[in-house]
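Spelled out, the chains give:
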Amino acid sequence: GQCQLSAGSASQTATLDGPQRAIAIEGGKVAITVRCQDLATEAVLQFRALALHQPKLEMAGTAIEAEPNHRLAYPIPKGSSSALFTVQSDLPRPLSFQLSDRRHYRQANIRHNAMMFSYLGVALALSFYNLLLWLRMGEWQFGLYSAYTLATAWFFATQEGIPLLLAGQSYWLVPSLPLAGLTVFTGTLFFAQFLALPRHHPRFCRWLVQLPALFVLLFSLITLAFGNTHKLLDALMGLLTIWLQLCLMGLALLRAVKGDRDGLWTAVALALLLVGILTRRQTANGGDFIAYYGLIIAALLEAMLLAYMVARRLRVIKQEHRQALHMALTDPLTGILNRQGWQKAVAGQSCIAPEQWQAVYFIDLNAFKAVNDQHGHLGGDKALVTVANVTQRLLGHEATLGRYAGDEFVVYSRGQREQLAELTQRLRRQLSAVMVPGHPNFKVSATVGVHYQQGPCSLEELLAAADSSMYALKAGAD
Ligand SMILES: Nc1nc2c(ncn2[C@@H]2O[C@H](COP(=O)(O)OP(=O)(O)OP(=O)(O)O)[C@@H](O)[C@H]2O)c(=O)[nH]1
């Protein structure tokens, strides 16, 4: 069996389960007559093209309802029949169509939907995860990745009729061309941000990448506002998209040459997508499985590759974050906690039972100004490092040591009253004369003030009391 389609002087014949055919149509309102003969089973006539409006198939004056999940697929009865297909086309173009056994058509649809929903599942999960990352870390690249993945998924879903399948209503449909524009725009911003192009190639990035991406977005908004796509606009959008792909690929390779591994992987991801787009353009919405699904497969692989890269980037950012935090809380000279770090560490242990004792020791080097004058600041530094090392060795894990400021150190400890007093003795003994290694006659000493407290007390009060104790000792010594 077969069906013959005629539009004006053009005519094409499709056989049952045969290859896809295409018939040339003009732009505007088109009427195609369909004559089918000797179909051995119930069949489905499916048209494949973008930007078609108000499609209608009539048999003997009655409109035939399309297959439930496809706007452009109509059931054709067994045997012989004739029908009229009318549609509004934005562009003159070859209109692809295919005639399938209805059972085969439905099986193919199940495969198609399984494929689309797998893709959408992965894309939505990645988009959501990256949205959370963006909200938590405030890094733009995660937000842009999320927007790009979401726009791509929305575009494919619309193009493949998923909203229609889910909602069964055509008013749910956003035309896919503006969504394609949004995909290109968000994708370009993401790649530029991910490769830090505005920082590395500010001028190139603005003129070669950001401006064309803005044009694509603008064109797609025009098509959204005015519906009708001008052929020139359509071609320009296609060309700009390919141009952007090539530019981004070039810039990514440039980064790869400079030793940035992300550059190489970005170039691979973009190449995958380009192959997908070109295959899709070549086959004009039809052809065999790979040709038809090539773009979706490429997009899926690309999304996963990008997700891997983004995850790696996340690891690096977290590591830098940890490093920055470590640096902010550590004294660079002695390697022990600085005042902030010490306060943070001690605040973490602030919960204390009423019968328990705690103590703060305030250690101030004696006549350190003279040490600096005599041995120079480098010598003074060495003395500070030595005092920090000696004190840390003495304390072990028993107490928390920090450098408070200049030549002042602080220690926090808790335990039995006797233990704390014993620690005071050890500190005073050890710090009464500290030899600076490598300098035979270089000795420093420190005064250790202390305050013991039973039960809870604020750190400020403990510190103030230990500080006064230290000053009292110094005053007594003078
Ligand atoms: N080498 C070196 N000196 C420092 C550093 N930080 C502060 N100082 C010096 O430490 C000295 C502290 O002087 P003062 O606060 O007058 O104390 P002091 O000379 O020890 O006098 P007393 O505390 O009364 O015994 C100053 O001369 C600072 O320049 C540092 O990181 N390295």
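Within each chain, residues carry numbers counting from 1 in the order of the written sequence. Under the rules for a predicted model, residues below a pLDDT of 70 receive no local features and side-chain atom pairs below 80 are neither given nor counted, while totals for whole chains, interfaces and linings still include all residues. Only hydrogens and water are set aside when side-chain values are computed; all heavy atoms of the structure are taken into account.

### A closer look at the overall build of the protein
Then, number 1: Secondary structure elements follow DSSP: runs of H or I of four or more residues count as helices, runs of E of two or more count as strands, with numbering from the N terminus. Check the secondary structure of the protein and you find 13 helices and 16 strands.
Then, number 2: Whether two residues touch is decided by their heavy atoms; if any such pair falls within 4.5 Å, the residues are in contact. The contacts in the protein between residues at least 6 apart in sequence include a share of 74% that link residues at least 24 apart.
Then, number 3: All accessibility values rest on the Shrake-Rupley procedure with a 1.4 Å probe; residue burial counts only the protein chains present in the view. Surface summary for the protein: the accessible area is close to 24300 Å², and the carbon and sulfur share equals 60%.

### Looking at the environment of alanine 464
Then, number 1: Its location among the elements puts alanine 464 in helix 13 (residues 459-477).
Then, number 2: In this structure alanine 464 comes out as partly exposed when scored by relative accessible area, which is 44%.
Then, number 3: Along the primary structure alanine 464 and histidine 451 are separated by 13 residues, whereas in three dimensions their C-alpha atoms are 8.9 Å apart. For each residue, the accessible area found with a 1.4 Å probe, counting protein chains only, is set against the maximum for its type, and the residue is called buried under 20%, exposed over 50%, and partly exposed in between.

### Points about the sheet that holds strand 10 (residues 93-101)
The strands making up a sheet associate through backbone hydrogen bonding, with each pair oriented either parallel or antiparallel.
Then, number 1: Here the rule is simple: two strands pair whenever DSSP picks up at least two bridges between them. Pairing within the open sheet is antiparallel, and its four strands lie in the order 3-10-5-8. Either end of the sheet is taken by a strand with one partner, and the two such strands are strand 3 (21-25) and strand 8 (73-76). Recorded for the sheet is a direction-independent mean angle of 25° between the axes of neighbouring strands.
Then, number 2: Of the pairings in the sheet, the one linking strand 5 (residues 43-48) to strand 8 comprises four bridges and is antiparallel in character. Looking at strand 8, one finds that valine 44 is bridged to proline 75.
Then, number 3: With axes taken as lines fitted to C-alpha atoms, and helix axes fitted only over the stretch in contact, angles between N-to-C directions fall between 0 and 180 degrees. Relative to the sheet, helix 1 (residues 102-137) contacts strand 5, strand 8 and strand 10, its axis offset from that of strand 10 by approximately 110°.

### Focus on the site of the ligand
Then, number 1: In this text, near means that some heavy atom of the residue lies within 4 Å of the molecule or strand in question. Within the structure, the ligand sits among 15 residues, and Phe368, Lys369, Asp381, Arg403 and Lys474 are positioned closest to it.
Then, number 2: The contact in question runs from an oxygen atom of the ligand to an N or O atom on the backbone of phenylalanine 368, over 2.7 Å.
Then, number 3: Relative to its unbound accessible surface of 670 Å², the ligand loses 61% to contact with the protein.
Then, number 4: Counting residues per element, the ones that place at least two in the shell around the ligand are strand 11 (357-365) and helix 11 (368-395).
Then, number 5: Ranked by the residues each element gives to the shell around the ligand, the list is headed by helix 11, at seven residues.
Then, number 6: Residue polarity follows a fixed list, in which Ala, Val, Leu, Ile, Met, Phe, Trp, Tyr, Cys and Pro are nonpolar, Asp, Glu, Lys and Arg are charged, and the others, Gly among them, are polar. The residue makeup of the shell around the ligand, split by class, is four nonpolar, five polar and six charged. Whenever a nitrogen or oxygen atom comes within 3.5 Å of another N or O atom, the pair is scored as a polar contact, on the condition that within protein one atom can donate a hydrogen and the other can accept it, and that pairs from neighbouring residues in sequence are kept only if both atoms are in side chains.

### Comments concerning unusual backbone geometry
Then, number 1: Although it is not a glycine, aspartate 38 sits at a positive phi angle of roughly 50°.
Then, number 2: Of note, glutamine 54 is a non-glycine position whose phi angle comes to about 45°, a positive value.
Then, number 3: Topologically, glutamine 54 is positioned in strand 6 (residues 52-59).

### As for the UniProt feature "transmembrane region" (unreviewed entry) in the protein
Then, number 1: UniProt positions are given in the numbering used here, feature names are shortened, and annotations may be inferred rather than shown by experiment. Residues annotated by UniProt as "transmembrane region" (unreviewed entry) correspond here to residues 116-135, 142-159, 171-195, 207-226, 232-254, 263-279 and 291-311.
Then, number 2: The straight-line gap between the two end C-alpha atoms of residues 116-135 is 28 Å; of that span, 100% is helix and 0% is strand.
Then, number 3: In residues 207-226, helix accounts for 100% and strand for 0%; the two terminal C-alpha atoms are 28 Å from one another.

### Overview of the state of the cysteines
Then, number 1: Pairs of cysteine sulfur atoms within 2.5 Å are what we label disulfides. This model, assessed by the stated rule, comprises one disulfide.
Then, number 2: Sulfur-sulfur distance for the disulfide between cysteine 3 and cysteine 36 comes to 2.0 Å. Given an S-S torsion of about 110°, the disulfide between cysteine 3 and cysteine 36 has right-handed geometry. A residue pair is termed long-range when its members are at least 10 positions apart, and cysteine 3 in strand 1 (residues 2-7) and cysteine 36 in strand 4 (residues 28-39) qualify at 33 residues. Both residues of the pair, cysteine 3 and cysteine 36, count as buried.
Then, number 3: Cysteine 247 supplies the cysteine sulfur nearest to cysteine 205, a cysteine that is in no disulfide, at a spacing of 9.9 Å.

### Brief notes about helix 12 (residues 417-430)
Then, number 1: Compared with the 20 Å implied by 1.5 Å per residue over 14 residues, the 20 Å span of helix 12 between its first and last C-alpha is a close match.
Then, number 2: Residues of helix 12 that are buried include every one of Leu420, Leu423, Thr424 and Leu427, and no others. Considered in projection along helix 12, the buried side chains sweep an arc of 105° and stay on one side of the axis. For helix 12, the exposed residues lying more than 90 degrees away from the buried face are Glu418 and Arg429.
Then, number 3: Among the structural elements, strand 11, helix 11, strand 13 (408-415) and strand 16 (446-454) are those in contact with the buried residues of helix 12. Each residue after the first adds 1.5 Å to the expected span of a helix. Regarding the arc, it is the one traced by the directions from the helix axis to the C-beta atoms.

### Overview of the sheet that holds strand 2 (residues 10-15)
Then, number 1: The strand order across the open sheet built from six strands is 2-1-4-9-6-7, with neighbouring strands paired in antiparallel fashion. The open sheet has two edge strands, strand 2 and strand 7 (62-63), and neither has a second partner.
Then, number 2: In the sheet, strand 1 pairs with strand 2 via six bridges, with the strands oriented antiparallel. Across the sheet, residue glutamine 4 finds its bridge partner in strand 2, namely threonine 13.

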